[in-house]
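This is what each chain is made of:
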There are 2 protein chains.
Amino acid sequence: MKDKPRADRRTNPLTRDVIVQASVEILDAAGERALTFRALSAHLSTGAGAIYHHVASKSELLTAVTDEVIAGALHHGDDEVEPEQAIRAVMLDVFDAIDAHPWVGAQLAAEPWQPAVLRIFNRVGVSLEALDVPEGFQFDATSALVHHILGVAGQYAAGARLTGPDADRSAFLGAVAAQWATTVAADEYPFLARIAKMLSEHDDREQFRAGVDLILAGIAALR
Amino acid sequence: MKDKPRADRRTNPLTRDVIVQASVEILDAAGERALTFRALSAHLSTGAGAIYHHVASKSELLTAVTDEVIAGALHHGDDEVEPEQAIRAVMLDVFDAIDAHPWVGAQLAAEPWQPAVLRIFNRVGVSLEALDVPEGFQFDATSALVHHILGVAGQYAAGARLTGPDADRSAFLGAVAAQWATTVAADEYPFLARIAKMLSEHDDREQFRAGVDLILAGIAALR
DNA sequence: CGAAGTGATGGAACGACGTTCCAAAGCAAG
DNA sequence: CTTGCTTTGGAACGTCGTTCCATCACTTCG
């Protein structure tokens, strides 16, 4: 036992998990641009070299942090409800995780086949098997659902990055819509001009859910 | 007229278009990581300051370059064929553009509401209006299609970035699948384990098209 | 109980990047 | 020719990811 004299140096051992947790705190508090090895060093009262002893690179750290959040978000049970509801629950779990941590969306959209994506892919696929989807169609159907997540993730996360951590999203979208109405020529972009007003009023979560409904209806029609 | 003595300084004027074209060449030849203001300066035989006189920042340059490629890819006519075929044509045009320039995919997935995305969004929406989609549903339906593009874009582009400009994609996917079979525990990721073998054989373009079919079938079912 | 070894630590240093700054050069107007 | 404005290009700045290495704490063995 080393109860007292263990000095002040390394009272808590600086493990990979500690680094990941600190990264989540920095990312949530100040956004993805704020996560640097210098900020991390300061936050952990250590040097960059010590961090590199536990983590190979920044991209490896980002995938680990992303997987941490996604794994925590997928704690829904998947064998109790009917399969279609299970899929909806998983999809919304991921959306809510991105909503709570916009940097997760950026990371999911940027890195292919990273552990977090595999986790989502598998989870969606498992729920999809319970439907009467033929085996040759399961891959395409699961991919469509996952791509929908990733597409929304990229746009949503990037939007949140532009607005800042606490800005009003509907105000931001209203500004975008206003810019459409002025900058964008109505004759060049007729569809945009017509739905510009809907943009500021729409609910991202509802739109995401509508997309899920669309894909599920397509699966039901084509299976 | 200044036909001869125009000297060596101002032989060709270094305009914004010249910079965009040079950027496309660098990106296509060496990937997105190769596009730096130093490489651009060398390629154009100038200095960084001169470039900044025509372009505000690197991200502005990237959005301009992306819009250039997407605008060139959307030259399909949209008023001659039946609307559903028009949508398929637009979707595949964008996919093929991303296939030819993987960095476009990364950029599309990263920046929200950039001009290139608006261009795609409007084009899909215009074609969608010709279907019997009720007005309140057009926004959600168009968003689902665009999100599908963006989701695929991010994954596909990032995959191409990992493999390099000329590597064999199916070989890369085979390696990913092999890693699934070994690293990923079959009991933890049952669906992935079962589908791993399909990954190396699948055709990305066909899978993208299957996703489009899925969403279109969903639109037809819900409208 | 002390010596030797091993992994962890943290800070300095490196190269590359985006961006800014500024002096020189071209060109148009008086 | 002179004056003023735009364009040019290269030097310089600050920050980043990453590498390197001297030092330290702790275990293991004689």
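Our structure's up above, just so we're on the same page.
Given the structure is predicted, the values throughout are model-derived calculations rather than measurements.

Caption draft 1: Region of the structure containing the overall build of chain A. Assigned secondary structure in chain A consists of 11 helices and 0 strands. In sequence order, the secondary structure elements of chain A are arranged as α-α-α-α-α-α-α-α-α-α-α. The buried share of chain A, taken over its 223 residues, is 49%. Within chain A, counting contacts between residues at least 6 apart in sequence, those at least 24 apart form 70% of the total. Split by element, the accessible area of chain A, about 10,300 Å² in all, is 51% carbon and sulfur.

Caption draft 2: Quick look at the nonpolar core. In terms of nonpolar packing, the biggest core is built from 138 residues, with Ile219(A) and Ile219(B) touching the most fellow members. Every residue in contact with Ile219(B), bar those within four places of it in the chain, is listed here: Leu214(A), Leu128(B), Val133(B), Phe137(B), Ala141(B) and Leu145(B).

Caption draft 3: Spatial organisation of the packing of helix α5 (residues 83–100) of chain B against helix α7 (residues 115–129) of chain B. Residue and element names in this part refer to chain B. Orientation of α5 relative to α7, taken along the N-to-C sense of each, is 165 degrees, at an axis distance of 8 Å. On the basis of the axis angle, α5 is roughly antiparallel to α7. In terms of crossing hand, the pair formed by α5 and α7 is left-handed. Between α5 and α7, the residues in contact are Pro83, Ala86, Ile87, Val90, Met91 and Val94 and Ile120, Arg123, Val124, Ser127 and Leu128, respectively. A breakdown of the residues in the contact of α5 with α7 according to their chemical character gives 9 nonpolar, 1 polar and 1 charged.

Caption draft 4: Structural context of the interface of chain B and chain A. The partner chain A presents 60 residues to the 60 residues of chain B that form the contact. Between chain B and chain A, the buried area comes to about 5,000 Å², and carbon and sulfur atoms account for 69% of it. At the boundary of chain B with chain A, the tally comes to 4 salt bridges. Notably, a salt bridge pairs Glu129(B) with Arg194(A), separated by 2.7 Å at the nearest N-O pair. Those elements that place two or more of their residues in the side of chain B that touches chain A are α6 (102–110), α7, α8 (135–163), α9 (169–183), α10 (190–201) and α11 (204–222) of chain B.

Caption draft 5: Structural context of unusual backbone geometry. All names here are of chain A. At Ser45, a residue that is not glycine, the phi angle is positive and equals roughly 55 degrees. Here Ser45 shows up in the loop between α2 (37–44) and α3 (48–52). The exposed category is assigned to Ser45, whose relative accessible area is 62%.

Caption draft 6: Summary view of the environment of Arg223(B). All names here are of chain B. Mapped onto the fold, Arg223 is located in the segment after α11. A sequence separation of 91 residues divides Arg223 from Asp132, and the C-alpha atoms of the two residues are 7.3 Å apart. Not counting chain neighbours up to four residues away, the residues in contact with Arg223 comprise Leu131, Asp132, Val133, Pro134 and Phe137.

Caption draft 7: Geometry of the environment of Arg161(B). Checked against the element boundaries, Arg161(B) lands in helix α8. For the pair Arg161(B) and Trp103(B), spaced 58 residues apart in the sequence, the C-alpha separation amounts to 7.8 Å. Residues within four places of Arg161(B) in sequence aside, it is in contact with Ala110(A), Glu111(A) and Glu32(B).

Caption draft 8: Looking closely at the layout of surface pockets. In this structure, the largest pocket encloses a volume near 1,100 Å³. Contributions of two or more residues to the lining of the largest pocket are made by α4 (58–73), α6 (102–110) and α8 (135–163) of chain A together with α4 (58–73), α6 and α8 of chain B. Across the lining of the largest pocket, the residue classes break down as 17 nonpolar, 7 polar and 10 charged.

Caption draft 9: Geometry of the packing of helix α1 (residues 16–30) of chain A against α4(A). All names here are of chain A. Look at α1 against α4: their axes get within 10 Å of each other, and the N-to-C directions meet at 80 degrees. Considering the angle they form, α1 stands roughly perpendicular to α4. Contacts between α1 and α4 involve Arg16, Ile19, Val20, Gln21, Ser23, Val24 and Leu27 from the first element and Glu60, Leu61, Ala64, Val65 and Glu68 from the second. Residue composition of the contact of α1 with α4, grouped by class: 7 nonpolar, 2 polar and 3 charged.

Caption draft 10: Here's a closer look at the relation of the copies chain B and chain A. Superposition of chain B onto chain A requires a rotation of 180 degrees combined with a translation of 0.0 Å along the rotation axis, giving an RMSD of 0.0 Å. Expressed as a symmetry operation, the mapping of one chain copy onto the other fits a two-fold axis. By residue overlap, the copies meet face to face through one surface: 100% of the interface positions of chain B are interface positions in chain A.

Cut-offs used in this document
- Residues numbered from 1 in each chain as written.
- Chains lettered and ligands numbered in written order.
- Predicted model: local features only at pLDDT ≥ 70, side-chain atom pairs only at ≥ 80, totals over all residues.
- Heavy atoms only, no water.
- Helix = DSSP H or I, 4+ residues; strand = E, 2+ residues; numbered from the N terminus.
- Buried < 20%, exposed > 50% of the residue type's maximum accessible area, 1.4 Å probe, protein only.
- Contact = heavy atoms within 4.5 Å.
- Areas by Shrake-Rupley, 256 points an atom, 1.4 Å probe, with all protein chains shown as cover.
- Core = buried A, V, L, I, M, F, W, Y, C linked by side-chain atoms within 4.5 Å.
- Axes fitted to C-alpha atoms, helices over the stretch in contact; angles between N-to-C directions.
- Parallel < 35°, antiparallel > 145°, perpendicular 65-115°, else oblique.
- Left-handed = near helix turned anticlockwise from the far one by under 90°.
- Nonpolar A, V, L, I, M, F, W, Y, C, P; charged D, E, K, R; others polar.
- Buried area = accessible area lost by both parts, 1.4 Å probe.
- Salt bridge = Lys/Arg side-chain N within 4 Å of Asp/Glu carboxyl O.
- 1 Å grid on protein atoms, 1.4 Å probe; cavity = no way out; pocket = protein on both sides within 12 Å on 5 of 7 lines; lining within 4 Å.
- Points joined across faces, edges and corners; volume = space filled by probe spheres on them.
- Least-squares fit on C-alpha atoms with pLDDT ≥ 70 in both.

Keep in mind that these numbers describe shape and distance, not what the molecule does.
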